[in-house]
Amino acid sequence: MNKLQAMEVFVQVVDAGGFSRAADAMQLPKATVSTLIQQLESALSVKLLHRTTRQVTVTADGAAYYERCLRILTDVKDAEESLSRTRLSPSGRLRVDAPTGLASSILVPALPAFFERYPDIQLELGCSDRLVDLIEEGVDCAVRGGTLADSTLIARRVGVLNMLTCASPEYLAQYGTPHHPRELERHRCVNYFSAKTGKIYDWDFTRDGERIQIPLPGVIAVNDSTAYVEAGLAGLGVLQMTDYLLRDHLASGRMVQILPDWVSDPIPINIVYPQNRHLSTKVRVFVEWVAELFDSHPSMRVRALAPNVNQPQPTAEPEIA
C-alpha cells in the first residue's frame, strides 16, 4: 500500500462525502478507492469511516486522523514545490466555476493570455448561474458575486459588479420613460429569481442619501443572466443588470439607460475555495490572474466599491453576474 496515496484518498472521501464522488474527483476506479481505505484502516487497526447505503461519515478517530493527514499532505506538497519548478510552471487539471455572463463576457475572451502564461494547466470551466457545492462536486475554486453565506469557504475579493437600469427603445416608446424608481411600480420589469430558493430579488436605488428598495411587477422572471438581458432586448420590460453585460447594447442603441441619477448597490465579486483544501499553485496563479484581469477592467475594479455607512452591503446571492 502506498501510504501517502491512501491518505490522499481518505481526505478526498471525507471532503466529498462518498467513495464514488472521491473516485471521480481523483479519476480513480471506485474499487481502488475502497481498497485503499480498507488497507489504511487495517494498517492503523482503526475504523476511520462509517459506511451506509446512503452516506459515508467519519468516525471520531477518523476525524482526528483526517486533520493530521491534511497537515502532512500540505507539508509534502510544499516540500515538492520548493524543490521543483512547479511555482514557475504550474500544471494539471484545474476545475473552476463561474457565473454564465461573467464567464462568457470577461473570463473566456481573456483565456488566451492565461494559457500563454500557464500552458501546462488544463482548465475545466463550469459556466452556470447555479450555486455549486465546491467540495461535493470536486471544484477547486469558484468566482461568485454577492454576499457570501457559506462561512466554510475562504474568499478573496477580486472585483465588483456595478448595476445599470435599462430598457429597450421599443419598450420606452410604448410605455414611456420613468424618472423616479417609484414610477417603475406602474411599469413592466424583468425580474430575476434565485435558482436555489426561487425568491425574486427586490430592486434597490440610492440618490443623495435617499434609499429605495422595492419589489417590482413583471410578466417574466428568469434565473440566468444571458436570458435576463435577452428578455430586456425583446422589450419585455425594464431590467437592472451589470454594466459590462449592457455596455455593447447601450453603445449600439439596442438598450437605453434610465434613472441615471439613481445608483444601485454594487455587488462584490470573490473567488472562493474550501478552507480545508490546500491552495495549490495552479489555484493560486488562477486567483492572481483573475484579480489582475478584473483590476484592469473599468467596470470591475475593487476600489470602485467605496465604503458607505449609509449604504448596506448587497444581500443578493451570487447569481447575477
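Residues numbered from 1 in each chain as written. Predicted model: local features only at pLDDT ≥ 70, side-chain atom pairs only at ≥ 80, totals over all residues. Heavy atoms only, no water.

A. Quick peek at the confidence of the model for the protein chain. Confidence along the protein chain averages 84 in pLDDT terms, with 88% of residues attaining 70 or more. Element-level pLDDT for the protein chain is lowest in helix H4 (residues 60–82), with a mean of 82, against a maximum mean of 95 in helix H6 (residues 169–175). For residues 303–320, every residue scores under 50 in pLDDT, and the model assigns this stretch 48 contacts once sequence neighbours within four places are set aside. (pLDDT = per-residue confidence, 0-100. Helix = DSSP H or I, 4+ residues; strand = E, 2+ residues; numbered from the N terminus. Contact = heavy atoms within 4.5 Å.)

B. Representation of the sheet that holds strand S4 (residues 121–127). Read from one edge of the open sheet, five strands run S4-S3-S5-S14-S6, paired in mixed fashion. Every other strand in the sheet has two partners, leaving S4 and strand S6 (153–161) as the edge strands with one partner each. Ignoring strand direction, the axes of neighbouring strands in this sheet form an average angle of 20°. Sheet topology places strand S3 (residues 92–98) next to S4; seven bridges connect them, and they run parallel. (Pairing = 2+ DSSP bridges. Axes fitted to C-alpha atoms, helices over the stretch in contact; angles between N-to-C directions.)

C. Representation of the packing of helix H7 (residues 225–233) against helix H8 (residues 243–252) within the structure. Viewed as axis vectors pointing N to C, H7 and H8 meet at an angle of 30°, and their least axial separation amounts to 11 Å. With respect to H8, the element H7 is oriented roughly parallel. Along this stretch, H7 crosses H8, giving a crossing that reads as right-handed. Contacts from Ser225, Val229 and Leu233 in H7 reach Leu245, Leu246 and His249 in H8. Partitioned by chemical class, the residues of the contact of H7 with H8 number four nonpolar, two polar and no charged. (Parallel < 35°, antiparallel > 145°, perpendicular 65-115°, else oblique. Left-handed = near helix turned anticlockwise from the far one by under 90°. Nonpolar A, V, L, I, M, F, W, Y, C, P; charged D, E, K, R; others polar.)

D. Molecular detail of helix H3 (residues 30–44). End to end, H3 covers 21 Å across 15 residues, agreeing with the expected 21 Å (1.5 Å per residue, within 8%). Inspection of H3 places Val33, Leu36, Ile37, Leu40 and Glu41 among the buried residues, and these make up the whole buried set. For H3, the buried positions fall inside an angular range of 130° around the axis, keeping them on one side. For H3, exposure combined with an orientation more than 90 degrees from the buried face picks out Ala31 and Ser42. Just downstream of H3 lies Ser45, where phi reads positive at about 55°. (Expected span 1.5 Å × (residues − 1). Buried < 20%, exposed > 50% of the residue type's maximum accessible area, 1.4 Å probe, protein only. Arc of directions from axis to C-beta.)

E. Broad picture of H7. Ser225, Tyr228, Val229, Ala231, Gly232 and Leu233 are the residues of H7 that are buried. Taken from the residues just after H7, Gly235 is the one with a positive phi, measuring 80°.

F. Region of the structure containing the pattern of salt bridges. Across all of its chains, the model carries seven salt bridges by this definition. The residue Glu124 makes a salt bridge to Arg95 at a minimum N-O spacing of 3.4 Å. Placement of the pair is Glu124 in strand S4 and Arg95 in strand S3, with a sequence separation of 29 residues. Residue class for Glu124 comes out partly exposed when judged on its relative accessible area of 34%. (Salt bridge = Lys/Arg side-chain N within 4 Å of Asp/Glu carboxyl O.)

G. Broad picture of unusual backbone geometry. Even without being glycine, Ser45 reaches a positive phi, approximately 55°. Its relative accessible area of 67% is what places Ser45 among the exposed residues. In the Ramachandran plot, Leu259 falls in the positive-phi region, its phi being about 50° despite a non-glycine side chain. For Leu259, a relative accessible area of 5% corresponds to the buried category.

H. Focus on the nonpolar core. Formed by 62 residues in total, the largest nonpolar core has its most connected members in Leu107, Leu184, Phe286, Trp289 and Phe294. Ranked by the residues each element gives to this core, the list is headed by helix H9 (residues 281–295), at nine residues. Counting residues in each nonpolar core, the second largest holds 22 residues, with Ala16, Phe19, Ile37 and Cys69 among its members. (Core = buried A, V, L, I, M, F, W, Y, C linked by side-chain atoms within 4.5 Å.)

I. The environment of Met300, seen in detail. Mapping Met300 onto the fold places it in the segment after H9. The exposure class of Met300 is buried, given its relative accessible area of 0%. Separated by 57 residues in the primary sequence, Met300 and Asp243 have C-alpha atoms spaced 9.4 Å apart. With near-sequence residues (within four places) excluded, Met300 lies in contact with Leu102, Ile106, Val158, Gly159, Val160, Leu161, Ile269 and Phe294.

J. Representation of the packing of aromatic side chains. Evaluation of the coordinates by the stated rule reveals nine aromatic pairs. Both rings, one in Phe114 and one in Trp289, keep their centres 5.0 Å apart while their planes meet at 55°; by these two values the pair is tilted. Of this pair, Phe114 sits in helix H5 (residues 100–117) while Trp289 sits in helix H9, placing them 175 residues apart in sequence. For Trp289, a relative accessible area of 5% corresponds to the buried category. Ring geometry for Tyr192 against Tyr201: centres 6.2 Å apart, planes inclined by 20°, an arrangement best described as stacked. Through pairs of rings, three or more aromatic residues link up here, namely Phe114, Phe115, Tyr118, Phe286 and Trp289. (Phe/Tyr/Trp six-rings, centres within 6.5 Å; stacked < 30°, edge-to-face > 60°.)

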